[in-house]
Amino acid sequence: MIAWQMIRFAVGGLAANKVRSALTMLGVLIGVASVILLLAVGNGSSVAVKESITSLGTNSLTVSSSASRGSVTAAKKLTVEDAKALASATDAPAVKSVAPVVTTSGTALYGNISYQPGQIVGTYPAYFETANQKIARGDYFSADDVLNSRKVAVLGSTTAKELFAAEDPIGKKITIGGTPFTVTGVLTTKGSTGFNDPDDVVIAPLPTVQNAFTGFGSVNQILVQATSADTTAEAQADITRILMGTHAVKDPAKVDFRISNQTSLLSARESTTKTFTVLLGAVAAISLLVGGIGITNIMLVTVTERTREIGIRKALGAPRAVILGQFLAESTLLSVIGAGLGVLAGIVGSHFSVVGIKPVVIPESVLGAFAIAVAIGLFFGSYPANRAASLRPIDALRHE
Amino acid sequence: MSGGKPPVIQIRRVTKSYGHGDAVVHALRGPLGPDGAPLGVDLDIAEGDYVAVMGSSGSGKSTLMNILGCLDVPTAGRYLLDGADVGHLDEGQLALVRNRKIGFVFQSFNLVPRTTALAQVELPLAYAGVKAGERRRRALAALTLVGLAERAGHKPNQLSGGQQQRVAVARALVTAPAMLLADEPTGNLDSRSTEEVLGIIDGLNARGRTVVVITHEDEVARHAKRVVRLVDGAIVSDVRQAPVDGPPPALAAGVVA
Ligand SMILES: Nc1ncnc2c1ncn2[C@@H]1O[C@H](COP(=O)(O)OP(=O)(O)OP(=O)(O)O)[C@@H](O)[C@H]1O
Ligand SMILES: [Mg+2]
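Just so you know, these numbers come straight off a predicted model, no measurement behind them. Think of each chain on its own: its residues are numbered from 1, step by step along the sequence as written. Here every chain gets a letter starting at A, and every ligand a number starting at 1, in the order they are written. Local features in a predicted model are, by the rule used here, given only for residues with pLDDT of at least 70; side-chain atom pairs are given and counted only at 80 or more, and totals for whole chains, interfaces and linings are based on all residues. Each side-chain value is worked out from all heavy atoms of the structure, with water and hydrogens disregarded.

### Side note on the overall build of chain A
The criterion, for reference: Only runs of H or I of at least four residues qualify as helices and only runs of E of at least two qualify as strands under DSSP, and these elements are numbered from the N terminus. The classification of residues rests on relative accessible area computed with a 1.4 Å probe and restricted to protein chains. Under 20% of the type maximum is buried, over 50% is exposed, and intermediate values are partly exposed. We call two residues contacting when some pair of their heavy atoms lies within 4.5 Å. Under the convention used here, a 1.4 Å probe and the Shrake-Rupley method define accessible areas, while residue burial counts only the protein chains that appear.
Counting its secondary structure elements, chain A contains 13 helices and twelve strands. Here chain A holds 400 residues, and 48% of them are scored as buried. Restricting to contacts in chain A with at least 6 residues of sequence separation, those with at least 24 account for 79%. Per element, the accessible surface of chain A, about 18500 Å² overall, is 63% carbon and sulfur.

### Considering the overall build of chain B
Scanning chain B from terminus to terminus reveals eight helices and eleven strands. For chain B, buried positions account for 52% of its 257 residues. For chain B, the share of sequence-separated contacts (at least 6 apart) that also reach a separation of at least 24 residues comes to 72%. In the structure as shown, chain B presents an accessible area of about 11200 Å², 54% of it carried by carbon and sulfur atoms.

### With respect to the interface of chain B and chain A
As a reminder, the rule being used: Computed with a 1.4 Å rolling probe, the buried area is the accessible surface lost when two parts are put together, summed over both parts. Salt bridges, as used here, are contacts in which a Lys or Arg side-chain nitrogen is within 4 Å of a carboxyl oxygen on Asp or Glu.
Each partner contributes residues to the interface: chain B has 23 residues there, and chain A has 23 residues. When the two sides are added together, the surface that chain B and chain A hide from each other amounts to roughly 2100 Å², 59% of it contributed by carbon and sulfur. If you sort the residues of chain B by the area they bury against chain A, Leu71, Arg98 and Tyr127 of chain B come out on top, with a joint share of 29%. Applying the counting rule to chain B against chain A returns two salt bridges. We note a salt bridge from Arg392 of chain A to Asp72 of chain B, for which the minimum N-O separation is 3.4 Å.

### Some details on the environment of Leu29 of chain A
Residue and element names in this part refer to chain A. Note that Leu29 resides in helix 2 (residues 18–56). Expressed as a C-alpha distance, the spacing of Leu29 and Val336, which sit 307 residues apart in the sequence, is 9.5 Å. Aside from chain neighbours lying at most four places away, what touches Leu29 is Gly338, Leu341, Gly342 and Ala345.

### With respect to helix 4 (residues 132–145) of chain B
Residues and elements named next belong to chain B. Rules: Multiplying 1.5 Å by the helix residue count minus one yields the expected span of that helix. Directions pointing from the helix axis toward each C-beta atom define the arc.
If you check helix 4, its first and last C-alpha atoms are 20 Å apart, about what 14 residues at 1.5 Å a residue would give, namely 20 Å. If you check which residues of helix 4 are buried, you get Arg135, Ala139, Ala142 and Leu143. Relative to the axis of helix 4, the buried residues are bounded by an arc of 100° and lie together on one face. Helix 4 presents Gly133 and Arg137 as exposed residues on the side facing more than 90 degrees away from its buried surface. Positive phi shows up at Gly147, right after helix 4, with a value of about 75°.

### Brief notes about the pattern of salt bridges
All names here are of chain B. Following the criterion strictly, the structure yields 26 salt bridges over all chains and no others. The shortest N-O distance in the salt bridge between Arg137 and Glu134 comes to 3.3 Å. Linking Arg137 with Glu134, this pair stays in helix 4, spanning three residues, or about one helical turn. The class for Glu134 is partly exposed, based on a relative accessible area of 34%.

### Let's talk about the pairing of strand 1 (residues 60–65) of chain A
Residues and elements named next belong to chain A. Convention followed: Being paired, for any two strands, means DSSP has found at least two bridges between them.
Of all six residues making up strand 1, five are buried, and the element is well covered by its neighbours. As paired elements, strand 1 and strand 12 (residues 257–261) share five bridges and run antiparallel to each other. Bridge pairing links Thr62 to Ser260 in strand 12.

### Focus on the site of ligand 1
Just so we agree on the cut-off: Definition of nearness: a residue and a molecule or strand are near each other if at least one heavy atom of the residue lies within 4 Å of the molecule or strand. By the criterion applied in these results, polar contacts are pairs of N or O atoms within 3.5 Å in which, for protein atoms, one can donate a hydrogen and the other can accept it, and in which residues neighboring in sequence qualify only through two side-chain atoms. When residues are sorted by character, Ala, Val, Leu, Ile, Met, Phe, Trp, Tyr, Cys and Pro go into the nonpolar class, Asp, Glu, Lys and Arg into the charged class, and all the rest, Gly among them, into the polar class.
Contacts to ligand 1 come from 14 residues, most closely from Ser57, Gly58, Lys61, Ser62 and Thr63 of chain B. Around ligand 1 the close residues trace back to chains A and B. At 3.2 Å, a side-chain N or O of Arg398 of chain A approaches a nitrogen atom of ligand 1. If ligand 1 stood free it would expose 630 Å²; the protein chains cover 66% of that surface. Examining the composition of the shell around ligand 1, we find that three residues originate from one element, helix 1 (residues 61–68) of chain B, more than from any other. The class makeup of the residues in the shell around ligand 1 is two nonpolar, nine polar and three charged.

### A closer look at the side chain of Arg313 of chain A
Tracing the chain through its elements places Arg313 of chain A in helix 10 (residues 307–315). For Arg313 of chain A, a relative accessible area of 6% puts it in the buried group. Ignoring any residue separated from it by four or fewer positions in sequence, one finds Arg313 of chain A in contact with Phe9, Ala318, Ile323 and Gln326 of chain A together with Val112, Leu123 and Tyr127 of chain B.

### Comments concerning the coordination of the magnesium ion (ligand 2)
Condition: Note on donors: an N, O or S atom is included if it sits within 2.8 Å of the metal, or within 3.2 Å for Na, K and Ca, and water is never included, so sites can look incomplete.
Ligation of the magnesium ion (ligand 2) by protein atoms is provided by Ser62 of chain B (OG) and Gln107 of chain B (OE1), these donors lying 1.9 to 2.4 Å from the ion. One end of the pair, Ser62 of chain B, is in helix 1; the other, Gln107 of chain B, is in the loop between strand 7 (102–105) and helix 3 (117–128), and 45 residues separate them in sequence.

### As for the sheet that holds strand 10 (residues 226–231) of chain B
Residues and elements named next belong to chain B. For clarity, the threshold we go by: Note on geometry: axes are lines fitted to C-alpha atoms, helical ones only across the stretch in contact, with angles between N-to-C directions running from 0 to 180 degrees.
In spatial order, the strands read 7-8-9-4-10-11; together these six strands make up an open sheet with mixed pairing. Edge positions in the sheet fall to strand 7 and strand 11 (234–240), since each of these pairs with one other strand and no more. Mean inter-strand twist for the sheet, computed between neighbouring axes without regard to direction, equals 15°. Lying on the sheet, helix 6 (residues 191–206) is in contact with strand 4 (50–55), strand 8 (179–183) and strand 9 (210–214); it crosses strand 4 at an angle near 135°.

### Describing the packing of aromatic side chains
For clarity, the threshold we go by: Think of it this way: a Phe, Tyr or Trp ring, Trp meaning its six-membered ring, pairs with another when their centres are within 6.5 Å, and the plane angle makes it stacked under 30 degrees, edge-to-face over 60, tilted otherwise. Two limits define a charge over a ring: the Lys NZ or Arg CZ must be within 6 Å of the ring centre, and within 35 degrees of the ring normal.
According to the stated counting rule, one finds six aromatic pairs over all chains in the structure shown. Their ring planes at 50° and their centres at 6.1 Å tell us that Phe9 of chain A and Tyr127 of chain B sit as a pair that is tilted. Pair noted here: Phe9 of chain A is in helix 1 (residues 2–15) and Tyr127 of chain B is in helix 3, and the two residues belong to different chains. No difference in accessibility class separates Phe9 of chain A from Tyr127 of chain B, as the two residues are buried. Judged by centre distance (4.3 Å) and plane angle (45°), the ring pair of Tyr110 of chain A and Phe164 of chain A falls under tilted. Within this pair, whereas Tyr110 of chain A is found in strand 3 (residues 108–110), its partner Phe164 of chain A is found in helix 6 (residues 157–164), the two being separated by 54 residues in sequence. Here the two residues Tyr110 of chain A and Phe164 of chain A agree in accessibility, since each one is buried. Counting every residue linked through ring pairs, the aromatic cluster contains Tyr127, Phe128, Tyr140 and Phe141 of chain A. Residue placement shows Arg313 of chain A over the ring face of Phe9 of chain A; its charged tip is 4.3 Å from the ring centre.

### Structural notes on the confidence of the model for chain B
To keep things clear, this is the line we draw: Confidence of the predictor at the level of single residues is captured by pLDDT, which takes values from 0 to 100.
When pLDDT is averaged along chain B, the result is 90, and 97% of the positions lie at 70 or above. Scored as a complex, the prediction yields pTM 0.68 and ipTM 0.90.

### A few points about a nonpolar patch on the surface
Using the following cut-off: A residue counts toward a patch only above 30% relative accessible area and without a salt bridge, and it is joined to like-charged neighbours within 9 Å or, for Val, Leu, Ile, Met, Phe, Trp and Tyr, to nonpolar neighbours within 5 Å.
Together, Val336, Ile337, Leu341, Leu344 and Phe370 of chain A make up an exposed nonpolar region whose accessible area comes to about 390 Å². Relative to the helices and strands, Phe370 of chain A is located in helix 12 (residues 363–389).

### Brief notes about the nonpolar core
Threshold: The definition of a nonpolar core used throughout is a set of buried Ala, Val, Leu, Ile, Met, Phe, Trp, Tyr and Cys residues joined through side-chain atoms within 4.5 Å.
In terms of nonpolar packing, the biggest core is built from 69 residues, with Val32 of chain A together with Ile9, Leu68, Tyr79 and Leu81 of chain B touching the most fellow members. Looking at this core, the element that brings in the most residues is helix 12 of chain A, giving eight residues. Excluding anything up to four places from it in sequence, Leu68 of chain B contacts Ile9, Ile11, Tyr79, Ile102, Met179, Leu181 and Val212 of chain B. Formed by 42 residues, the second largest nonpolar core is a distinct cluster that contains Ala83, Leu86, Ala108 and Phe257 of chain A.

Structure, rendered in structure tokens:
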């Protein structure tokens, strides 16, 4: 009888105070749902970062100029010659391709539409592969276009949409800073990682951009592609050696350029999202704890309110274990039902994207949150239950 | 007293007091010793006896009954139930004694709120581990005995005071306990219902159960085989009206008549 009887008494006890039971369950529900949902949001953002790592290509290296502070001589800027030295070096087998990059900004005009793209990039065709930019329509510009400084451009998908809307941009002429460019191609959409839009870009041959905007001085970056993800370290060493030569730097501690690879950049960002996830999890855990305290509170009220009833039951010969079991069953039922509904709410909620992040549910968080909620119910319910069960019958009966 | 059997209830120098120091209340004290200290109450009740406890309000009747029913523990003294010292029993054994040996009717009914009369009466059986079908059958039989079969589905707040009291009686006798302890079981009943309830109690006693009733009414006391009077926590008189072995006086009179 015992187990079945206890559950029956417990259900009866909960049903006697429906509103109160429902509100307590709501506390647990919110706790469990927020654990699942917030962890899913954190996880979702780290999944997005991971995807963007792969989309950027793990074997590309970025060389940029850095003025080594404290050095008396001004840092030598990166130049097209540096890029050529890297590209033509015969003793750098890990370097696959090299693309010098200048970036600028300006307003693009098409007909009467005016739009300022996020970035105007002047570079070599190798840039497309190194930066993992794929063409969706039309074609890349060619090495020949670079040699002849042709006024052609490839547009990122965002820029293309802003300027042309539904129109086909291929072959159309746009004007940037007074220079007319013929659109040869549109890139595939990479998707925003939340910080900036990699699709809001105009890419044109290096000399064309230098001629029209930046002048033929230094370049902002040199993008280098290693032969594979495994040879990036080797390529990095080669680049350092060659550029130290062209920049006439003897001391490796005083180099005036910086080489970074995408993987290290993005793993730094991934660790940021991990911190974010942990913070969200902590907030959620607190709300789960608050739900647990809600159970304790309600069970304490219930026990106090039903002290006389406990006395009657004990006077009729209810063993301590049965009283304990009845109240524990009540608190466990509260937490199991609350947590079950919380899991449901969390999973349903994770189908909607939150602040631009698509939540990805972590299966362990569902199990974990459920188990913790039930454990909290047992743990926090056991104090009031134990208090109820250890009352002497006459003391319980005399309770006002 | 009668037979060779030891008494079911033996109370030795039992006292019960509440509070401390000057504010102390001796609810049970017995005669005072030469130095003015309470000596405690002694009382033996034989198996099959039918005892009425009388006394004015606050004289310690309920206090005594709670100790007999293992609901309260005396401040000092020993209580032997069936020869075993109750003070030495642990929680579980006490629960078993309350469930199997004792049927208790409270002065204030003490029904479980929001619970139907039937479920109410089933409770002691449920704690005794009786199966659902059997439980129902016996609970209904007990309710029928107190004339409430058609009220089985009613909750305490749907029952009159007298009906609640009868449910409490049914609940006390449903386990067929060896001892029935009733604290003013007829306090809220009209004379007709009183006679009915007393008839049930007489019947139980006639079948060998030990009965202790607290009452204010001489009508009720007349049904008992023995009347104990309490004044200020001490027994002042102990009168036997009928032999322990025979039927209760009311039934005996009925047989004669
Ligand atoms: N928990 C308690 N704390 C303090 N005093 C108590 C307590 N319980 C009972 N008393 C006191 O003990 C005395 C005896 O009480 P008891 O309930 O036994 O009286 P009673 O004879 O049953 O009276 P009644 O006929 O009114 O029911 C009373 O004076 C009462 O005030
Ligand atoms: Mg009383």
